[in-house]
Amino acid sequence: MLEVNERGISIAEAAEHTGVSVHTLRYYERAGLVVTTVDRTAGGRRRYRKLDLDWIKICTRFRATGMPIRTIRRYAELVTAGRGNEKDRLELLETHRAEILTQLAQLTESLELIDHKIDVYRGRMQAGDADQLWAPRPDEG
């Protein structure tokens, strides 16, 4: 595990630590998703601190759930603005959670169909009549 010291780590090390590409790290900054200003060396090279890396991991998790960039940006803006907007943050997160729960229900229903089809195929293969399963045929005629 990479240790982040008080001077921070390079963008390549940050990419390795967070599991996202250097390009993605730069994009997150340009898109306004990072809540802090990433430190720079005297030569202008980025230096990521633990807080930056923790926040990037949050953004990555949000993206993995399908949260749109504009919503992550809005959340970052609220966090950056500081105290007093907790109700707005909570509402944003609860709205996204409800969307995820809907997606999970749809995925669960789809998974149940797939499991049923697997059971049918396994049963037919064990019975030795899998070749009798329905298959579409072009119209003759």
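These numbers were taken from a predicted model, which means no experiment stands behind them. All chains use their own residue numbering, which begins from 1 and follows the written sequence. Where totals are concerned, whole chains, interfaces and linings use all residues; where local detail is concerned, this predicted model gives features only for residues with pLDDT of at least 70, and gives and counts side-chain atom pairs only at 80 or more. The side-chain quantities take in all heavy atoms of the structure and omit both hydrogens and water.

Focus on a nonpolar patch on the surface
The patch calculation keeps residues exceeding 30% relative accessible area without a salt bridge and links them within 9 Å when they carry like charges or within 5 Å when they are nonpolar (Val, Leu, Ile, Met, Phe, Trp, Tyr). Only the protein chains shown count as cover for residues, and all accessible areas are computed by the Shrake-Rupley method using a 1.4 Å probe. In what follows, salt bridge is the name for a side-chain nitrogen of Lys or Arg lying within 4 Å of a carboxyl oxygen of Asp or Glu. Together, Leu-101, Leu-104 and Leu-107 line one region of the surface with nonpolar side chains, adding up to about 290 Å² of accessible area. In DSSP terms, a helix is any run of H or I states spanning at least four residues, a strand is any run of E spanning at least two, and both are numbered starting from the N terminus. Mapped onto the elements of the fold, Leu-101 is located in helix α5 (residues 86-127).

A few points about the packing of aromatic side chains
Here the aromatic set is Phe, Tyr and Trp, taking the six-membered ring for Trp, and pairing holds for ring centres within 6.5 Å; pairs whose planes are under 30 degrees apart are stacked, those over 60 apart are edge-to-face, and all others are tilted. Applying the stated criterion across every chain, the model contains three aromatic pairs. On the numbers, 6.5 Å between centres and 55 degrees between planes, the contact of Tyr-27 with Tyr-28 is tilted. Burial classification: accessible surface area is computed with a 1.4 Å probe over protein chains only, and a residue below 20% of its type maximum counts as buried, one above 50% as exposed, and the rest as partly exposed. Classification of Tyr-28 by relative accessible area gives buried; the value is 5%. When the centroid spacing of 5.8 Å and the interplanar angle of 5 degrees are considered together, the rings of Trp-55 and Tyr-75 count as stacked. Here Trp-55, found in helix α3 (residues 50-64), pairs with Tyr-75, found in helix α4 (residues 69-81); they are 20 residues apart in sequence, far enough to count as distant.

Section: the side chain of Arg-47
With respect to the helices and strands, Arg-47 occurs in strand β2 (residues 46-47). Of the side chains bearing the opposite charge, Glu-13 lies closest to the buried Arg-47, which forms no salt bridge; the N-O distance is 4.7 Å. In protein, a polar contact means a hydrogen-donor-capable atom and an acceptor-capable atom, both N or O and within 3.5 Å, with residues adjacent in sequence counting only if both atoms are side-chain atoms; elsewhere, any N or O pair within 3.5 Å suffices. Only 2.6 Å separates the side chain of Arg-47 from the backbone oxygen of Gly-8, close enough to count as a polar contact. Should any heavy atoms of two residues lie within 4.5 Å, those residues are counted as being in contact. Not counting the four nearest positions on each side in its chain, Arg-47 is found in contact with Arg-7, Gly-8, Ile-9, Ser-10, Val-38, Asp-39, Arg-40, Thr-41 and Asp-52. Asp and Glu are treated as the negative residues and Lys and Arg as the positive ones, with His and the ends of the chain left uncounted.

Topic: the nonpolar core
Here is a general trend for soluble globular proteins: nonpolar side chains tend to be buried in one another's company. For the purposes of this section, nonpolar cores are sets of buried Ala, Val, Leu, Ile, Met, Phe, Trp, Tyr and Cys residues that join through side-chain atoms within 4.5 Å. Leu-25, Leu-33 and Tyr-48 are the most contacted members of the largest nonpolar core, which totals 24 residues. Among the elements that line this core, the one with the most residues is α3, at five residues.

Description of α5
Take the residue count of a helix, subtract one, and multiply by 1.5 Å to get its expected span. For α5, spanning 42 residues, the distance from its first C-alpha to its last is 60 Å, which sits close to the expected 62 Å at 1.5 Å a residue. Those residues of α5 that sit buried are Arg-89, Leu-92, His-96 and Ile-100. Next to the buried residues of α5 lie α3 and α4. Following α5 by one or two positions, Gly-128 adopts a phi angle in the positive range, close to 85 degrees.

Brief notes about the packing of α4 against α5
Their axes nearest at 10 Å, the elements α4 and α5 cross at an angle of 160 degrees. As summarised for this structure, α4 and α5 are arranged roughly antiparallel, according to the angle between their axes. The element α4 and its partner α5 pack so that their crossing is left-handed. Across the interface between the two elements, Thr-71, Arg-74, Tyr-75, Leu-78 and Val-79 of α4 pack against Asp-88, Arg-89, Leu-92 and Leu-93 of α5. Throughout this entry, Asp, Glu, Lys and Arg are counted as charged residues, while Ala, Val, Leu, Ile, Met, Phe, Trp, Tyr, Cys and Pro are counted as nonpolar. The remaining residues, Gly among them, count as polar. Looking at side-chain class alone, the contact of α4 with α5 contains five nonpolar, one polar and three charged residues. In this description, a line fitted to the C-alpha atoms serves as the axis of each element, helices being fitted only across the stretch in contact, and the angle between N-to-C directions of two axes falls anywhere from 0 to 180 degrees. Working definition: roughly parallel below 35 degrees, roughly antiparallel above 145 degrees, roughly perpendicular at 65 to 115 degrees, and oblique for all remaining angles. Left-handed describes a crossing in which the near helix is turned anticlockwise from the far one by less than a right angle; the clockwise case is right-handed.

Regarding the environment of Tyr-28
One can find Tyr-28 in helix α2 (residues 22-30). Along the chain, Tyr-28 and Pro-136 lie 108 residues apart, while their C-alpha atoms are 48 Å from each other. Residues in contact with Tyr-28, not counting those within four places in the same chain, are Leu-33, Val-34, Ile-56, Cys-59, Thr-60 and Arg-63.

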